Structure formats: C-alpha cells, structure tokens
Amino acid sequence: MLSMTDTPIEKFVSYFAETNTNVAFLVPTPTGYEKSIMDATKPLRELLKYAGVHDYEKQEQGQENKVVIESHFITKDDLINTTASLYRPNTKHGDPRIWFSDLKKYCKPCNLLAVIIYDKSLYVINLSDKKIQESLFKYGHVYSFLQLSINEYVNVAEELLGKLRKIHKRGFIPSVTKGAPGVGDTLENALGIQRNNSKSPDYKGIELKASRIIKNGEKKAVTRSTLFTKVPDKGLTYSEILDKYGKVQIPRGKTEARKQIYETLSAKKYNAYGLKFEVDYDGDKLNLIDNATPAPNLVSSWDFDILRKTLLTKHHETFWVKATAEFRENLEYFRYDKVIHTKNPNALLLAPLIENGEITADLAAHIKPDGSYRDHGLLFKILPQNIHDLLGEEQNYDLGENV
C-alpha cells in the first residue's frame, strides 16, 4: 500500500523522530478510496495496541462489532473533528479495516497519511498536502502539535552519569581487551560490570554503547553503531546463508582462504554476494532477497514486530559514550569524554529507516579451518548522524564540565 504513495516517506521521518512520536503511515488506494475502506496495516494495528486504544486480535468479525474512536484531521492551522471506524468484515479471514468519516474531504487517493495517537484519540496528518508540509517544516501548527514533553530523568540515569564523570577524572585507563571491543569492555570494567552475552541493557536498564572519537590525536572516521543482533525468523538460517551464498576468499591480513560472507546488507542495492533487504509493509516483514533472474528469490525474513521489540528491549534508554584513545607502548588507553543520552526509541520507524538505507545490517560469518562454523552475529547498525531519527530526543553531556 505504501508503495502507491504520491509523496516520499523519507523526508518526514526525522520530524517524527525529533518529537519522539510513535506513528503509522497509511495510503488510501484508488479502489479503497472509492469504497471508503483502508487496510489496517500491521504497524497501525501495533500502534493502536501499544497505546491501549484497540486490539484487532480480540475483535469479532461483522459490522455489529465495529468500534468507533474519536479522531481528528490536522490541518495547517486547526483540527477537524471526525471518527475512525475499526472493524473486521465477514470475509474468510476478516482482514482488519479502518476508515475515517469525511476522509474524502481531507485527502485524495494515494496521499501519504500519518496517524498518531494522543490521549487515546487518533490524529491524521495529510503529508501530501503542501500547506501541511510547510506548517511542519517551518515549525507551524503541525510541528507544534507534535511536540511532546520530555520525561524527567530517573535516578538511575543521574547515578550512571555521576559514575561516568568520576571515570573521566581518572584520565586515560589502560584497555582490558585488545582490539575493537576494548573501548566497551574497559568502560564496563571501570563501572564494575562483568562481561556477558546478555541481550538485556548493561546498567540497571540502561544500555551502554562506547566508541572512539579521537585516536592518537586524530579524529576517528565515523563508523556505524550496532543497535542489536538478530538472526532471521524464517527461511534460511545464518549458517545456511553462508553455505549457499558465501565465497571462498582470503581474509585481509591472512594467507589461507576460507569460505566466508562478510558484507553489509542494505535495502538500497545488492551487495557483493548478491543479497539485499526488501521491506514488506503489508506483511510487516523484512525480507532478505537475492538477485536471481528472472525474479529474485526470498532467502530469509524477519518479523518487524520482533525487531521492534528487540530494539525497545535493548535501547529503551541508552548512553552513547565517546572516548579519546591513544596507544602507549603497544597498549591502548581510553579517556571517556562525552555522552549522548537517548530514550524511548520510535520503534515504528524501523521499517522506513531500513528502506531508505539509514539502518543496515552486517553479515559476518565464516567456516574455520577445522570445518566448524563461526559467526559474529547478524548486526543491525546505524550511523551516528542517523541515531536521532530512530532514538528521538537527545541529551548531550561533556563529562569534563563542572556541574
């Protein structure tokens, strides 16, 4: 359905992220517009369910079980009252439907509609309307409506920030681990956190992500940050993907060839192994496809509902800690200088951010010389400059400042 929109979705993602607003997108198709029906897509159903407004899974079929919810159309400078009808028709599957009273006075077929929830009511924004776009981009009525108050910091965040300031005052700390993991392992060690492979947040519900910003006096090249790891839910397993699509190659710095698959997955283009992401909005799936001809094959898939829950579990609240690194006699040292604090990620933006290439994933697996399989996780990553789009409002701290 979203593929029929007359307005690209990408240009609006950051605005919803900045206001930390959970949002679902709808596009009335020409046929649905004529019949006054729209599919209640999985993201919309999840939005309604998360907000405690409506659960389609518990709704019986038939017009007699229709639910009517107070709703509003947002214009460039006002609100228009309306209602939303939520129902499941008496068809074989009873696919969830939605329609807004007087919607035809507010939009045209193929317009891009954003649906948000505030105080148990639905609010619809026609993002294809030029005047509404102007009100959004130039901080008018639409933008103002989207502003949400920032939650007050909890004691755990204040406690962690205080500990990080003390660690900063220690100056450069010798790394407890060689190589890339050292910056995170050393920070956790300084905080008294034992290293583990848990998928839960690191410090009393707060996730810690440490990275180097300066190395040996020079600003380090920007690299992607790992959001979470998640293997496919259906289709080929990770090891089966390696078996089918991996190549025999000599790894960098090595002399012996091995079968491996080390490459980034993006929705923008096929990678060197002939694989790419494809976002299925109607099925609420993230598909991995290959470049077979005459038509691509579906390799594996992820359920977006599971990906959203994974993100919310891992990054409900995160401290992105930035370190200055330097080598002394072949040993790396870290001084932890800055923190970016994010909370309450807008998980419903995962799909559009993957589709426009802001979120990618790394395949990292190989066959060891003894024939055994090894992988480093299937890593979903995002560039630091795009973190704000997904994780919303930020608080920045200089750990060296006096408070």
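Please refer to the structure placed before this passage.
Here's what I pulled together on the structure shown here. The structure presented is a predicted model; accordingly, all values stated were derived computationally and were not measured.

So, about the pattern of salt bridges. The tally for this structure, following the rule as stated, stands at 18 salt bridges. Here K49 ties to E57 by a salt bridge, and the two come within 3.7 Å at their closest N and O atoms. Assessed through its relative accessible area of 38%, K49 is described here as partly exposed. Residue E57 is classed as exposed on the basis of its relative accessible area of 64%. One salt bridge connects K314 with E207, and the closest N-O pair in it is separated by 3.3 Å. A residue pair is termed long-range when its members are at least 10 positions apart, and K314 in helix α9 (residues 304-314) and E207 in strand β9 (residues 207-215) qualify at 107 residues. With relative accessibility at 3%, the residue E207 sits in the buried group. Counted as one network, the salt bridges with shared partners bring together K42, E46, D284 and R308.

Taken in spatial order, the 4 strands of this open sheet run β12-β17-β16-β15, and their pairing is antiparallel. The open sheet has two edge strands with one neighbour each: β12 (234-235) and β15 (275-280). Pairing of β15 with strand β16 (residues 285-290) involves 6 bridges; the strand directions are antiparallel. In the sheet register, L275 faces β16, and the bridge partner there is D290. Against the sheet, α9 touches β15, β16 and β17 (298-303), its axis set at about 50 degrees to β17.

Structurally, S266 can be placed in the loop between β14 (258-265) and β15. Only 3.0 Å separates the side chain of S266 from the backbone nitrogen of K268, close enough to count as a polar contact. If we skip the residues at most four places from it in the chain, S266 touches K276, F277, G357 and T360.

Moving on, we come to the sheet that holds strand β6 (residues 113-118). One open sheet holds the 7 strands; their spatial order is β1-β6-β7-β3-β4-β5-β2, and the pairing between them is mixed. The open sheet has two free edges, formed respectively by β1 (24-26) and β2 (38-39), since each of these has just one partner strand. Inspection of the sheet shows β6 paired to strand β7 (residues 121-126) by 6 bridges, in the antiparallel sense. Opposite I116, over in β7, you have Y123 as the bridge partner. Along the sheet, helix α3 (residues 42-50) contacts β1, β4 (79-87), β5 (97-100), β6 and β7; its crossing angle with β6, the most-contacted strand, is approximately 10 degrees.

Helical geometry: 3.6 residues make up each α-helical turn, so side chains three or four residues apart lie on a common side. Among all positions in α3, only K42, P43, L44, E46, L47 and L48 are buried. Just past α3, the residue G52 takes up positive phi, approximately 70 degrees.

Attention now moves to the packing of aromatic side chains. Scanning all chains against the criterion turns up 10 aromatic pairs. Both rings, one in F73 and one in Y106, keep their centres 4.5 Å apart while their planes meet at 10 degrees; by these two values the pair is stacked. Remark: Y106 occurs in the loop between β5 and β6 and F73 occurs in strand β3 (residues 67-74); sequence separation between them is 33 residues. One aromatic cluster is present, formed by F228, F277, W302 and F380 through successive ring pairs. One residue, K276, lies across the ring of Y270, its end atom 5.4 Å from the ring centre. Across from the ring centre of Y333, 4.6 Å away, lies the NZ or CZ of R328, which sits over that ring.

This next bit is on the nonpolar core. Counting residues in hydrophobic clusters, the biggest one holds 86 residues, and the most contacted among them are F16, F25, I98, F100, L275 and F380. If sequence neighbours within four positions are ignored, F25 has contacts with L2, I9, F16, T41, L112, L113, A114, L127 and L349. Counting 22 residues, the second-largest nonpolar core is a separate cluster that includes I167, I173, I193 and L399.

Conventions and cut-offs
- Here the residue numbering is sequential within each chain, running from 1 through the sequence in written order.
- Reporting of local features is limited, given that this is a predicted model, to residues whose pLDDT is at least 70; pairs of side-chain atoms are given and counted only at 80 or more, and all residues count toward the totals for whole chains, interfaces and linings.
- Here the side-chain values reflect all heavy atoms present in the structure, with hydrogen atoms and water set aside.
- The term salt bridge refers to a side-chain nitrogen of Lys or Arg lying within 4 Å of a carboxyl oxygen of Asp or Glu.
- Buried means the residue's accessible area, taken with a 1.4 Å probe over protein chains only, is under 20% of the maximum for its type, while exposed means over 50%, and partly exposed covers the values in between.
- Each helix is a run of DSSP H or I of at least 4 residues and each strand a run of E of at least 2, with the numbering of both proceeding from the N terminus.
- Note on pairing: two strands pair once DSSP finds at least 2 bridges between them.
- Should any heavy atoms of two residues lie within 4.5 Å, those residues are counted as being in contact.
- Only C-alpha atoms enter the line fits that serve as axes; for helices the fit covers just the stretch in contact. Angles between N-to-C directions range over 0 to 180 degrees.
- Pairs of N or O atoms within 3.5 Å make up the polar contacts considered here, provided that, within protein, one atom can donate a hydrogen while the other can accept it, and that residues adjacent in sequence are counted only when both atoms are side-chain atoms.
- Only Phe, Tyr and Trp rings take part, Trp by its six-membered ring, and two of them pair if their centres are within 6.5 Å. Stacked means planes under 30 degrees apart, edge-to-face means over 60, and tilted covers everything else.
- Charges are assigned to positions over rings by a cutoff of 6 Å between ring centre and Lys NZ or Arg CZ, combined with an angular limit of 35 degrees from the ring normal.
- Among buried residues, those of type Ala, Val, Leu, Ile, Met, Phe, Trp, Tyr and Cys that are joined through side-chain atoms within 4.5 Å constitute a nonpolar core.

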